[in-house]
Amino acid sequence: MRFLAGIDANDTRCLKIIRLPMSIARASAIMIVTLVASRVLGWLRLSVIGAHFGETPELDAFWAAFKIPDAIFGLVVAGALASAFIPVFTSYLAREREDEAWHVASSVMNFVLLLLVGFSIVMWIAAPYVVPTFVAPFHDPKQIALTVDLTRLMLLSPIFMGLSSLTTGILNSYRQFLSSATAPLVYNLVIILFTQFGYPFLGIHAVAIGVVVGALVMWLVQLPELTFRRTRYSFSLDLSHSGVRDVLRLAGPRTLALGAVQIVFFVDTYLAVGMPEGSLTALVYANQLLLLPLGVFSIAISAAVFPTLSHFASLGQVGRMRDTVQQAIRWILFLTLPTAIVMIVLRRPIVNLLFQYGSFGPEARELTQAAFLFYSLGLAGHALVQILARVYFASRDTTTPLALTLISIGSNVVLSVTLAPLLGINGLALANSIATLLEAALLFILLASRARLRLVGLGVSTLKQLSASLLMGVAMFGFIRVTNLPFDLFVDPPKLVLALQTILAAAVGGLVYLAAAYFMQIGELQEIVGVVRARIMRKPGP
């Protein structure tokens, strides 16, 4: 009811369209605000790294070395957290069995920690053989040796990242999002500081050390809030407990799916390494740019909604699950469709303003902005996969997402191998976008009948949002063309002038989008107004 406080009782239309509980709206707001700040620091991190190293063999070696630690974290932790741990832990909390929930959490955390340490030790030993064969077939032996050295150094990071992610899962199950959402801020800040001040003494190793220390601090900053939740952690390893077995059973398919996803990363890295120098760095930077809006909107909303979906699923409240899912889909599309248009139209000045400093020159910018264009085409698919997959996970169905992910991965690999010789890294980005859109479409089609989604309403809403987004794109393109008369983007105008032009173009596009949404009566705009009114007019109660 606090979500509706301050809204005129006669405004029945506003009451009808606001469906999300206040806990979800507040959680989404917290996640979005902190993720915006995190993505800003993420951009600054990449900008600082690019300014120091640019299109150098050292930076290509760093990004190649990052793949193995990232794969270990994705395989061991991400699957258990996203598909199994939160639903199981939340189900115990929903049934007021908190002590048993913590027994399960402790056992899972200890088991995961053992796996992470074990995998890291094995890969430390095997790195000299795995890196040149499967990850980075560089021609220069010194570059291969550097990649192996950086890989071994960063193998500590998945251990700390695993602890951080499991802590985040526990806090999110309690509907606590602040410290877990601010943890990535600290991670990025630590890497920036180590790169900026350690570069003169340690070179590229300063960045790798920053990754390890950042992962550690990312976990430590969450401990105070976890302690406040009356932590009941123990050194138990009760793998026979039904809750622990549920986590392992549910995590299995998702872990296999994430293992298949790692295949795409390794294939793309392997193919990019064989392209001109700097191609891998450009591909990584373009992909990171895609994650900026993806993390701010879809990941934030999906992470905030997921505990609520798990709660409804554990109580068998199918109707409330359906309403929450539909609301999340509409909100995500309302935010990501115009964002994709902004990325496509303003891609060159965005890359210029964010990364073109120091050693990161015009050639690197052109490589990055071209790949960014093709990644942008799949933004809506990435956003939808985030929420749709979580609906299956909340219902404890990890097999269906696994099957569809495998189809997507197979398509991605085939397309990458086919398009890379024709389009270079642009082909790798395009392959990713096509495969992700395919996965989102399959997830939605199967979910539509199972959850009895209101397809007509979703379809009409999506068409309106797409039309408004296209009008926005035309307005921005026209503005850029007109303002390019005194100067040309291809001639690299001064940063201040370029920033002013880009901000004004985005502002014009945003106003056009809001105006189009108003005249087309897009419901999401009315919901935003309703939420703002509720927060402004809300009076303190007893």
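Residues numbered from 1 in each chain as written. Predicted model: local features only at pLDDT ≥ 70, side-chain atom pairs only at ≥ 80, totals over all residues. Heavy atoms only, no water.

Asker: Quick rundown of the nonpolar core? Include the residues and the values.
Answerer: Residues Phe62, Phe89 and Ile170 are the most contacted members of the largest nonpolar core, which totals 137 residues. No other element matches the 18 residues that helix H3 (residues 57-94) contributes to this core. Residues contacting Phe89, with those up to four places away along its chain left out, are Ala101, Trp102, Ala105, Ile170, Ser173 and Tyr174. (Core = buried A, V, L, I, M, F, W, Y, C linked by side-chain atoms within 4.5 Å. Buried < 20%, exposed > 50% of the residue type's maximum accessible area, 1.4 Å probe, protein only. Helix = DSSP H or I, 4+ residues; strand = E, 2+ residues; numbered from the N terminus. Contact = heavy atoms within 4.5 Å.)

Asker: Give a detailed account of the packing of helix H4 (residues 98-135) against helix H6 (residues 157-173), specifying residues and quantitative values.
Answerer: Two elements in contact, H4 and H6, have axes whose closest approach is 9 Å; the angle formed by their N-to-C orientations is 160°. When the axes of H4 and H6 are compared, the pair comes out roughly antiparallel. The crossing of H4 and H6 is right-handed. Counting all contacts with H4, which are made through Trp102, Ala105, Met109, Val112, Leu113, Leu116, Val117 and Ser120, the residues of H6 involved are Pro158, Ile159, Gly162, Leu163, Leu166 and Ile170. (Axes fitted to C-alpha atoms, helices over the stretch in contact; angles between N-to-C directions. Parallel < 35°, antiparallel > 145°, perpendicular 65-115°, else oblique. Left-handed = near helix turned anticlockwise from the far one by under 90°.)

Asker: Just give me the short version of the layout of surface pockets, but keep the residues and values in it.
Answerer: Here the largest pocket defines a volume of roughly 640 Å³. Looking at the lining of the largest pocket, the elements with two or more residues in it are helix H2 (22-53), helix H11 (279-314), helix H12 (318-345), helix H13 (347-355) and helix H19 (495-519). The class makeup of the residues in the lining of the largest pocket is 20 nonpolar, two polar and one charged. (1 Å grid on protein atoms, 1.4 Å probe; cavity = no way out; pocket = protein on both sides within 12 Å on 5 of 7 lines; lining within 4 Å. Points joined across faces, edges and corners; volume = space filled by probe spheres on them. Nonpolar A, V, L, I, M, F, W, Y, C, P; charged D, E, K, R; others polar.)

Asker: Break down the side chain of Ser376 for me, citing the residues and quoting the values.
Answerer: Here Ser376 shows up in helix H14 (residues 362-376). A relative accessible area of 1% means that Ser376 is categorised as buried. Separated by 2.7 Å, the side chain of Ser376 and the backbone oxygen of Phe372 make a polar contact. Not counting chain neighbours up to four residues away, the residues in contact with Ser376 comprise Leu290, Ala340, Met343 and Ile344. (Polar contact = N/O pair within 3.5 Å; in protein donor to acceptor, adjacent residues only side chain to side chain.)

Asker: Explain the environment of Pro57 to me, and be specific about the residues and the numbers.
Answerer: Its location among the elements puts Pro57 in helix H3. Sequence separation of Pro57 and Lys142 is 85 residues, and the distance between their C-alpha atoms is 9.7 Å. Once you skip the residues sitting within four places of it in the chain, Pro57 turns out to touch Gln143 and Glu277.

Asker: So what's going on with the packing of aromatic side chains? Residues and values would help.
Answerer: One pass over the structure, following the stated rule, counts eight aromatic pairs. When the centroid spacing of 5.2 Å and the interplanar angle of 90° are considered together, the rings of Phe53 and Tyr199 count as edge-to-face. Residue Phe53 is found in helix H2, and its partner Tyr199 is found in helix H7 (residues 178-202); the two are separated by 146 residues along the sequence. On the basis of relative accessibility, which here comes to 6%, the residue Phe53 falls in the buried class. For Tyr199, a relative accessible area of 30% puts it in the partly exposed group. Relative to Tyr285, the ring of Trp63 has its centre 6.1 Å away and its plane inclined at 90°; by these criteria the two rings are edge-to-face. Here the residue Trp63 occupies a position in helix H3, and Tyr285 occupies one in helix H11, the gap between them amounting to 222 residues. When sorted by exposure, Trp63 lands in the same class as Tyr285, which is buried. In textbook terms, an aromatic cluster arises when at least three aromatic residues are bridged by ring pairs, as seen for Phe62, Trp63, Phe66, Tyr285 and Phe355. We note Lys495 situated over the ring of Tyr357; from NZ or CZ to the ring centre the distance is 4.4 Å. (Phe/Tyr/Trp six-rings, centres within 6.5 Å; stacked < 30°, edge-to-face > 60°. Lys NZ or Arg CZ within 6 Å of the ring centre and 35° of its normal.)

Asker: Describe the packing of H13 against H14, listing the residues and the values that go with them.
Answerer: Where H13 meets H14, the closest approach of the two axes is 9 Å, and the angle between their N-to-C directions is 130°. Compared by their axis directions, H13 and H14 come out oblique. Two packed elements cross with a definite hand, and for H13 against H14 that hand is right-handed. When H13 is examined against H14, the residues Arg347, Arg348, Val351 and Asn352 are found in contact with a partner set consisting of Arg365, Glu366, Thr368, Gln369, Phe372 and Leu373. Looking at the contact of H13 with H14 residue by residue, the classes come out as three nonpolar, three polar and four charged.

Asker: How would you explain helix H15 (residues 379-394) if you had to name every residue and give the values?
Answerer: Between its terminal C-alpha atoms H15 stretches 23 Å, which fits the 22 Å expected from 16 residues at 1.5 Å a residue. Most of H15 sits inside the fold, with 15 of its 16 residues counted as buried. The first or second residue beyond H15 is Arg396, which carries a positive phi of 65°. (Expected span 1.5 Å × (residues − 1).)

Asker: Tell me about H19, and name the residues and values.
Answerer: Relative to the 36 Å expected for 25 residues at 1.5 Å per residue, H19 spans 36 Å between its end C-alpha atoms, a close match to the ideal helical length. Within the sequence span of H19, burial applies to Leu498, Gln501, Thr502, Ala505, Gly509, Tyr513, Ala516 and Ala517. Trailing H19 by a residue or two, Gln521 shows a phi angle of about 55°, which is positive.

Asker: I'd like a rundown of the environment of Tyr92, residues and numbers included.
Answerer: Assignment of secondary structure puts Tyr92 in helix H3. The spatial distance from the C-alpha of Tyr92 to the C-alpha of Trp102 is 9.1 Å, given a sequence separation of 10 residues. The contact partners of Tyr92, leaving out residues within four places of it in the chain, are Arg97, Glu98, Glu100, Ala101, Val104, His241, Ser242 and Gly243.

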